[in-house]
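Residue-level structure breakdown
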Amino acid sequence: MTKINLKDVLRTPKGTRDLLPEEVAVWQKIEERAREVAEYYGFRPIRTPHIEHTELFTASLGEASDVVEKQMYSFVTRGHDKLTLRPEGTAPIMRAYMEHGMRAWPQPVMLYYNGSFFRHENPQRGRYRELGQFGFEILGDDSPVADAMIIRMLTLVLEELGIKNFTVHINTLGDKECRGDYKKELVQYLRKKVNYLCKDCKIRLKQNPLRVLDCKDPNCAEIKAGAPQMIEYVCAACKSHFKEVLEFLDELGIPYLLDHALVRGLDYYSRTVFEIFLDEKKPEEKKKKKEEVKTENAEVTEAADAVKPQEKPALNIAIAGGGRYDYLGKMLSSKDIPATGGAFGLDRLTDAARELNINLARKKAPKLFLIQLGSHAKKKSLALAEEFRQANIPLAMSFSRDSIGSQLKIASRLGVGYVVIIGQKEAFDETAIVRNMEAGVQETIPLPRLLSYVKNKLKSK
Ligand SMILES: [Zn+2]
Ligand SMILES: [Zn+2]
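Notes on the structure in this doc start here. (Residues numbered from 1 in each chain as written. Chains lettered and ligands numbered in written order. Predicted model: local features only at pLDDT ≥ 70, side-chain atom pairs only at ≥ 80, totals over all residues. Heavy atoms only, no water.)

**Considering the overall build of the protein**
As a reminder of what qualifies: In this text, helices come from DSSP runs of H or I with a minimum length of four residues, and strands from runs of E with a minimum of two, each type numbered from the N-terminal end. Burial classification: accessible surface area is computed with a 1.4 Å probe over protein chains only, and a residue below 20% of its type maximum counts as buried, one above 50% as exposed, and the rest as partly exposed. In what follows, residue pairs with any heavy atoms lying within 4.5 Å of each other are defined as contacts. Note on areas: Shrake-Rupley, 1.4 Å probe, and residue coverage restricted to the protein chains presented here.
If you tally the helices and strands in the protein, you get 18 helices and 16 strands. Sorting the 461 residues of the protein into buried and exposed places 54% on the buried side. Partitioning the intrachain contacts of the protein with sequence separation of at least 6 by distance along the chain shows that 75% fall at a separation of at least 24. Here the protein has roughly 22400 Å² of accessible surface; of this, 50% comes from carbon and sulfur atoms.

Structure (C-alpha cells):
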C-alpha cells in the first residue's frame, strides 16, 4: 500500500478553499439579495450540470481563448465521453435554451443561475480555481435595453449590498459586419510593433489579434495604448446600438467608463461588453466624469479617446462582467438567437462585503409594484425605479414582456399596496396610473409629481 502524504491530503487543492460558517453566512446573504433582485425583475432560475461535453466550450469560447487553451478541467470518462468541468455559465445556458425548445417560450427568456465554475488559473487574491458565480441571461432579445438591463441587475445587487464605489468599464466589439475591418487595421498596426510584443501576444497576433488588447504585460500595454480603437470602425447599426446602451446607463445614473481595450477574450461576444470594477474614487468625482461623457456619435469617439487604458485601476479584479453574445446560437447550431448576459463573482464579492463591513440585514418588503408596457415605457420606468430606490421606497417591477394581467398577478402575490402603471400612452404623456390595490381605484398622475404623490399615499396608510 502506498503511503498517503498527509501534508498534502490535509490541505485543499491549490486554488480552492473552504468557506467556514461565518463566510458561508455572508455568501448566502449575497445570494439571497441577488435572487430577490432577479425575481423582482422577472428572471427565473435555471440549473445546469457541472459537467458538459468539452466541445460545447471549445466550439463557443474559441480554440485560441485562454480558457480553452489553458484553463479547462477536461477529462475522458469511463464511458469514453470527453467532458469538461464548466468554466463559465453562458454556453451551458444557450445549450439548455436549445435543448428544451425555449424558442417556443414567450421571448425574451430571462434566466438567472448561481453555482460553481472551474478554471485552472494562477491563484491570486479573490481568484480561485473553483469560483462561485451569480449570473443573469436574457435570450431572444437584440435590443440595447436588454444589455443595459443586465448591467442594471449587476449594479443593483452591488447597491443592495451597500457597495457604491464601482465603475462599469464598457466597450463595443462591433458585429461580423464591422469587426473584420477593425481587425485588419489592428493587425496592420501590431505587425509594425511585433518585435516589442510579449511571447504570448506574438501568437495572439496570428490567432486572435483582439486578445492583444487584453494583455497585462507592461510593454504590450504601451503598444495597445496607441492602437486603433474599435469605436472608430463600428458600422452605423453597432454604433447606434452602443449609443442607446450608454443612454440607458445615463438615465439610470450608472457610472461608466468607455474602455476601448476591453475585449473579454471569448469568441462569442459581439457588440456590448463590460466589466465592473470596485474603485477607490469618491462617488462625486465619478458622477462628474459620467456627465462629461455625452452619447452623441462624435462624442462617443472623443470620450473613448479620453480614456487612457492606464486609468483602469491597477491590480483590480473585475467583480462582474459580461456582454452580448448574438453569435453563440449560430456557433452551436444554425439558429440566430440574439442574447446578452453577465455575472458577478461570489468569491470576490463575499471578500469585499467582509472587508467593507457591509450590513446584510434583511431589506423591507416592496410597497409598490411598477408595471411598464412597451419599450418607451420601459425606458421611463427604469429611471423612475431609481428615483424610488433613492427615496428609500422598496419597489418591485417586472421587466419581461408580460401582459398587464400577469404583472398585476405578481403584484398581488407580493402583497403591495399600490401599483404604478406606465403604458405607451402614459409614457408619451409623461404620466403614470397609480392603482390602489385594496380599494381597486386608480388615478392618473403627472410623472414629476409621482414620487411625492406616492410618498403621501404610503404615509397615510
Ligand atoms: Zn502581451
Ligand atoms: Zn457593426
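After that view of the structure, there is still more to cover.
**Topic: the coordination of the zinc ion (ligand 2)**
What counts here: Donor atoms (N, O, S) are those found within 2.8 Å of the metal centre, with the cutoff raised to 3.2 Å for Na, K and Ca; water is not part of the atom list, so apparent gaps in a site can occur. Any site counts as irregular unless it has four donors with all angles between 85 and 135 degrees, making it tetrahedral, or four or six donors with opposite ones more than 155 degrees apart and the rest between 65 and 115, making it square planar or octahedral.
Protein coordination of the zinc ion (ligand 2) is provided by D175 (OD), C178 (SG), C235 (SG) and C238 (SG), with donor distances spanning 2.2 to 2.3 Å. One way to put it: the four donor atoms around the zinc ion (ligand 2) meet at angles of 88 to 126 degrees, and that makes the site tetrahedral. Positions of the donor residues of the zinc ion (ligand 2), expressed as sequence spacing, correspond to D-x2-C-x56-C-x2-C. A relative accessible area of 0% places C238 in the buried class.

**Observations regarding a negative patch on the surface**
Operational definition: Each patch is built from residues lacking any salt bridge and having more than 30% relative accessible area; the joining distance is 9 Å for like charges and 5 Å for nonpolar side chains (Val, Leu, Ile, Met, Phe, Trp, Tyr). A carboxyl oxygen of Asp or Glu within 4 Å of a side-chain nitrogen of Lys or Arg is what we treat as a salt bridge. The charged-residue count follows a simple rule in which Lys and Arg add positive charge and Asp and Glu add negative charge, with His and chain termini not counted at all. A charged residue contributes its charge at one atom only: NZ of Lys, CZ of Arg, CG of Asp or CD of Glu.
On the surface, E55, E63, E69 and D200 cluster together into a patch of negative charge. If you trace the backbone, E69 turns up in helix α4 (residues 66-71). By relative accessible area, which is 43% here, E69 ends up partly exposed.

**Quick word on the nonpolar core**
Basically, it comes down to this: Here, nonpolar core refers to any group of buried Ala, Val, Leu, Ile, Met, Phe, Trp, Tyr and Cys residues whose side-chain atoms link them within 4.5 Å. How far each domain reaches was decided by an automatic or database domain assignment.
Formed by 72 residues in total, the largest nonpolar core has its most connected members in F43, F136, I170, F344 and L450. The biggest single contributor to this core is helix α6 (residues 144-160), with eleven residues. Taken domain by domain, the makeup of this core includes at least three residues from each of domain 1 (13-178 + 234-355) and domain 3 (368-460). Aside from chain neighbours lying at most four places away, what touches F344 is I30, A34, G132, Q133, F134, F136, L154, V157, I319, A320 and L349. One finds L131, L213, M230 and Y325 within the second-largest nonpolar core, a separate group that totals 51 residues.

**Re the pairing of strand β3 (residues 73-76)**
Note the following rule: For two strands to count as paired, DSSP must find a minimum of two bridges between them.
Relative to strand β4 (residues 82-85), β3 runs antiparallel, the two sharing four bridges. Bridge pairing in β4 places S74 opposite T84. In this structure, the hairpin formed by β3 and β4 is closed by a connection of five residues, where H80 is found at a positive phi of approximately 70 degrees.

**Quick word on the sheet that holds β4**
Note the cut-off: Note on definitions: angles span 0 to 180 degrees between N-to-C directions of axes, and those axes are lines fitted to C-alpha atoms, for helices only across the stretch in contact.
Read from one edge to the other, the open sheet built from three strands follows the order β2-β4-β3, with strand pairing classed as antiparallel. In the strand order of this sheet, the two ends are held by β2 (51-53) and β3, each with one partner. On average, each strand axis in the sheet is inclined to that of its neighbour by 35 degrees, with strand direction left out of account. Bridge analysis of β2 against β4 gives three bridges, and the strand direction is antiparallel. Its bridge partner lying in β4, E52 is registered against T84. Contacting β2, β3 and β4, helix α3 (residues 54-61) crosses the sheet at an angle of about 70 degrees to β2.

**Observations concerning the environment of N208**
Of note, N208 is situated in the loop between α8 (199-207) and α9 (218-225). On the basis of relative accessibility, which here comes to 9%, the residue N208 falls in the buried class. Put simply, N208 and D267 are 59 residues apart on the chain and 9.0 Å apart in space, counted from C-alpha to C-alpha. Apart from residues lying up to four places away in sequence, N208 is in contact with A64 and D267.

**Let's talk about the packing of α6 against helix α10 (residues 236-252)**
We count it as follows: Put simply, angles under 35 degrees are roughly parallel, angles over 145 are roughly antiparallel, angles from 65 to 115 are roughly perpendicular, and the rest are oblique. Note: crossing handedness is left-handed where the near helix turns anticlockwise from the far helix by less than a right angle, and right-handed where it turns clockwise.
Packing of α6 against α10 brings their axes to within 8 Å, and their N-to-C directions diverge by 40 degrees. Here α6 is positioned oblique relative to α10, judged by the angle of their axes. Here the hand of the crossing between α6 and α10 comes out right-handed. Side by side, α6 and α10 meet where P144, V145, D147, A148, I151 and R152 of the first sit next to H241, E244, V245, F248, L249 and L252 of the second.

**Here's the deal with a nonpolar patch on the surface**
A contiguous nonpolar patch, built from I4, L6, V9 and L10 and spanning about 440 Å² of accessible area, is present on the exposed surface. Position of I4 among the secondary structure elements: in the segment before α1 (6-9).

**A few points about the packing of helix α2 (residues 21-40) against helix α14 (residues 346-355)**
Remark: α2 packs on α14, axes separated minimally by 10 Å, with the N-to-C direction vectors making an angle of 110 degrees. With respect to α14, the axis of α2 lies roughly perpendicular. Counted together, E22, E23, V26, W27, I30 and E31 of α2 and L346, D347, L349, T350, A353 and R354 of α14 form the full contact between these two elements.

**Regarding the environment of V263**
Mapped onto the fold, V263 is located in the loop between β8 (256-258) and β9 (270-278). Note on V263: relative accessible area 4%, which makes it buried. Along the primary structure V263 and D214 are separated by 49 residues, whereas in three dimensions their C-alpha atoms are 6.4 Å apart.

**As for the sheet that holds β9**
On the basis of which strands lie adjacent, the open sheet formed by eight strands has the order β1-β5-β6-β11-β10-β9-β7-β8 and mixed pairing. The sheet is open, and its two edges are formed by β1 (44-45) and β8, each paired on a single side. As judged from the ten bridges shared by strand β5 (residues 109-118) and strand β6 (residues 130-139), these two strands associate in the antiparallel manner. Bridge pairing in β6 links L111 to E137. Contacting β1, β5, β6 and β11 (339-345), α2 runs over the sheet at an angle of about 5 degrees to β6. On top of the sheet, α10 reaches β7 (166-172), β8, β9 and β10 (320-324); it is set at about 165 degrees to β7, its chief contact.

**Comments concerning the pattern of salt bridges**
The full count for this structure, using the stated rule, is 18 salt bridges. Here R95 and E52 are joined by a salt bridge, their closest N and O atoms 2.8 Å apart. Of the two residues, R95 sits in helix α5 (residues 90-99) while E52 sits in strand β2, which places them 43 residues apart along the sequence. The pair R95 / E52 is uniform in exposure class, with both members buried. Linking D326 and R324 is a salt bridge whose minimum nitrogen-to-oxygen distance equals 2.7 Å. Across the pair, R324 and D326 agree in class, each one buried. One salt-bridge network, in which partners are shared between bridges, spans D66, K70, R204, R211 and D214.

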